[in-house]
Each structure stands twice: as structure tokens, then as C-alpha cells.
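Topology and contacts: notes
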Amino acid sequence: MSALSLKNLSVTLNGSKVLRKVNFAARAGQLTGLIGPNGAGKSTLLRAAIGLIPFEGTIEVLGRAGGARLALARNIAYLPQLMEVHWPMTARAIVSLGRYPHGGFFETLTMKDEAAIDNALKAVDGLKFAGRNVLSLSAGERARILLARALSVEAPILLADEPVASLDPEHQLKVMSVLSGLAKKGRAVVIVLHDLTLAARFCDTLTLLDQGRVVASGSAEAVLTPENLKNVYKITAKRGKNFIVPWAVAR
């Protein structure tokens, strides 16, 4: 059974069809990469999955359709693409917000909450600046703290929209390893990626979107074919085992 299942999902925004009868599934124990060019509908798919925008079709979470907001927040952790923070809070306080679905804003953090926060900070290498004002952090440090907030939820499903976009190579690899490790421990992890080498190396399965439709789904070898790269991305690439490097604009 899929942890997250989208069936015939369509989304219309401002009069434009962004997703067109998309079928998508994320399974527990797998790291699923959602890939495609700009405007393909990747972020829209994640936003629809957690009910942030109207949609047509069916969405099932852990085998059930819909659900109360609080239950949904416990079952799905979400890291949005725009990683903005406007409050002068400590980094640790930002991470602690991920525990809200388990208690509430005005509840005292339990030992379990504190452990979840510590584990999340360790996972993103963030303990060393946990006490700093989050507004004083670099863009990459802030991105790691916001990922830690999502990790602290400890939800069975994690949706992350470009979680490594602003990170240096070291932390890109560390974060991808963390996300892969979460999947191996039984969670369903879905990430939007533009880096095809990271997608090919770390993801158990890929779904390629273009113009609101699923073009291909499966292993990196099956999805990142020369034909798909040319037709969808308009590129050619150099490739080897578990890596692919965009090389030239296709002619």
C-alpha cells in the first residue's frame, strides 16, 4: 500500500491547468524524486497533496482519503520551496515549531519533543548554531534549520521542495544522506530536485513531470533516458553509473 497516493489529480490556478490527471504514489521505505523542468507542476503537486490549494481527483494518506487538519499535520511533514523566516527567534525555537501537531503552541515541550528537536538538529548539522537568532544565519544555514523543523515532526511522510537548492556540496550530500536514511527506516520521503546526479544517485524511484503530466516513473535508468532528457529538458548529458551531468543544449 502506498503511504501517499494521488489519483487523477488535476489543478487549475488562475485559469491555467497546472496538473492534468496525474497519478502518483509514494511508498514507505522509498526516497522518491520528483523531477522536471521549471513550471512542470512539481511544487503544485506537493501543495495539493497537503491541501494548500484546490484540486480535482483523489488523495489518500496512509490508505485514507482526506482527514482532519491536525491528523494530516502529524502524518505529513512539509518543507516548502520558499524558505522564509520573519521572526527573530532562535534556530532551536524554529525547529520546535515542528512539534506543534503533537501538542500545541501553548503546551510545554516534553522529553520526547526535546529529543525529536535534538535529533533533527543533529541530522542537519545545526546544533552549533541552534541558539542563534535565525535571522542572523546564512541562507544555507537557514535552509538546514527549516529542514530540521520538518524532520522534527517525525511524520511517516515527508515532502520536501528543493531541500538542497541553497546548500554547499558538503551539506547537499549530508542532507541527501539524511533523507535516504529516513526512507530506509520506513518513511515515505518525496523530494523535488533539479540536480539530476543527486536524483540518480540517491533516489529509489523518480517521477518525471512535464507540462502538468507524468512523462515517466521508475528507476533513474528508466526515467533519465536520452530521449526524455532531449524531449523534456532539451539537453544532452554525459552519464556513468549513478551519475548524470547535463552537457549541452539539445539541437
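First, a word on scope: everything that follows refers to the structure included in this document. (Residues numbered from 1 in each chain as written. Predicted model: local features only at pLDDT ≥ 70, side-chain atom pairs only at ≥ 80, totals over all residues. Heavy atoms only, no water.)

Here's the deal with the overall build of the protein chain
Heads up, the rule is: To qualify as a helix, a DSSP run of H or I must reach at least 4 residues; to qualify as a strand, a run of E must reach at least 2; elements of each kind are numbered from the N terminus. Computation of the radius of gyration draws on C-alpha atoms alone. For the globule rule, the value is 2.2 Å times the number of residues to the power 0.38. Burial classes follow relative accessibility: with a 1.4 Å probe on protein chains only, a residue under 20% of its type's maximum area counts as buried, one over 50% as exposed, and anything between as partly exposed. Residues are treated as being in contact if the distance between any of their heavy atoms lies within 4.5 Å. Residue exposure ignores everything except the shown protein chains as possible cover, and the areas themselves are Shrake-Rupley values with a 1.4 Å probe. Note that His is not counted, nor are the chain ends; the positive residues are Lys and Arg, and the negative ones are Asp and Glu. Throughout, a charge is located at the NZ atom of Lys, the CZ atom of Arg, the CG atom of Asp or the CD atom of Glu.
The helix and strand tally for the protein chain stands at 9 helices and 12 strands. For 251 residues, the compact-globule estimate of 2.2 N^0.38 gives 18 Å, and the protein chain sits close to it at 18 Å. Burial statistics for the protein chain: of 251 residues in total, 47% are counted as buried. Contacts in the protein chain between residues far apart in sequence, at least 24 positions, make up 65% of those at least 6 positions apart. Only carbon and sulfur atoms are counted for the fraction: they give 52% of the accessible area of the protein chain, which is about 12,500 Å². Taken together, the 31 basic and 19 acidic charged side chains of the protein chain have centroids lying 4 Å from each other.

Notes on the sheet that holds strand β5 (residues 64-65)
To keep it simple, the criterion reads: We call two strands paired when DSSP finds no fewer than two bridges between them. In this analysis an axis means a line fitted to C-alpha atoms, helices contributing only their contacting stretch, and an angle means the value between N-to-C directions, from 0 to 180 degrees.
Pairing in this open sheet of 4 strands is antiparallel, and the strands run β2-β1-β4-β5 from one edge to the other. The outermost strands of the open sheet, each flanked by one partner alone, are β2 (16-26) and β5. The sheet contact formed by strand β1 (residues 4-13) and strand β4 (residues 56-61) spans 5 bridges and is antiparallel. The residue of β4 that forms the bridge with K7 is T58. Strand contacts of helix α1 (residues 42-49): β1, β2 and β4, with the helix running at about 115° to β1, the strand carrying the most contacts.

A closer look at the pattern of salt bridges
Heads up, the condition is: Salt-bridge detection follows one rule: a side-chain nitrogen of Lys or Arg within 4 Å of a carboxyl oxygen of Asp or Glu.
Summed over all chains, the structure comprises 8 salt bridges. A salt bridge links R99 to D113; the shortest N-O distance between them is 2.8 Å. With a gap of 14 residues between them, R99 in the loop between α3 (91-96) and α4 (111-123) and D113 in helix α4 connect regions that are remote in the sequence. You'll find R99 and D113 in the same group, each marked buried.

A short note on the sheet that holds strand β10 (residues 213-218)
In spatial order, the strands read β6-β7-β8-β3-β9-β10; together these 6 strands make up an open sheet with mixed pairing. On the outer flanks of this sheet lie β6 (76-79) and β10, each paired with one strand and no other. The mean inter-strand angle of the sheet, taken between neighbouring strand axes irrespective of direction, is 15°. Where strand β3 (residues 31-35) lies against strand β9 (residues 205-210), 4 bridges are found, and the strand directions are parallel. When the bridges of β9 are listed, G33 appears paired with L206. Where α1 meets the sheet, it contacts β3, β6, β7 (157-161), β8 (188-192) and β9, and its direction lies at approximately 145° from that of β7. Across the sheet, helix α6 (residues 169-184) is in contact with β3, β7 and β8; its angle to β8 comes to roughly 150°.

Remarks on the packing of α4 against helix α5 (residues 139-152)
This is how it is decided: In this scheme, roughly parallel covers angles under 35 degrees and roughly antiparallel covers those over 145, while 65 to 115 is roughly perpendicular and the rest are oblique. The handedness criterion is simple: a crossing whose near helix is rotated anticlockwise from the far helix by less than a right angle is left-handed, and one whose near helix is rotated clockwise is right-handed.
Remark: α4 packs on α5, axes separated minimally by 8 Å, with the N-to-C direction vectors making an angle of 140°. Accordingly, the angle class assigned to the pair α4 and α5 is oblique. Where α4 crosses over α5, the two elements pack in a sense that is right-handed. Contacts between α4 and α5 involve A116, I117, A120, L121 and A123 on the former and, on the latter, I145, A148, L151 and S152.

Some points on the nonpolar core
We count it as follows: To define a nonpolar core, start from buried Ala, Val, Leu, Ile, Met, Phe, Trp, Tyr and Cys residues and group those joined through side-chain atoms within 4.5 Å.
Ranked by internal contacts, the top residues of the largest apolar core, which has 55 residues, are L31, I35, I145, I191 and L224. The element best represented in this core is α5, accounting for 7 residues. Residues L19, I53, I157 and A188 belong to the second largest nonpolar core, which totals 27 residues.

Structural notes on a nonpolar patch on the surface
This is how it is decided: Think of a patch as exposed residues, more than 30% relative accessible area, with no salt bridge, where like charges cluster within 9 Å and nonpolar side chains (Val, Leu, Ile, Met, Phe, Trp, Tyr) cluster within 5 Å.
Residues F243, V245 and W247 make up a contiguous nonpolar surface patch of about 320 Å² in total accessible area. With respect to the helices and strands, the residue W247 is situated in strand β12 (residues 243-249).

Considerations on the environment of L182
Note on placement: L182 falls in helix α6. When its relative accessible area of 12% is taken as the criterion, L182 is described as buried. Discounting chain neighbours no more than four positions away, the residues touching L182 are L151, L158, R187 and V189.

In short, geometric facts, not functional conclusions.
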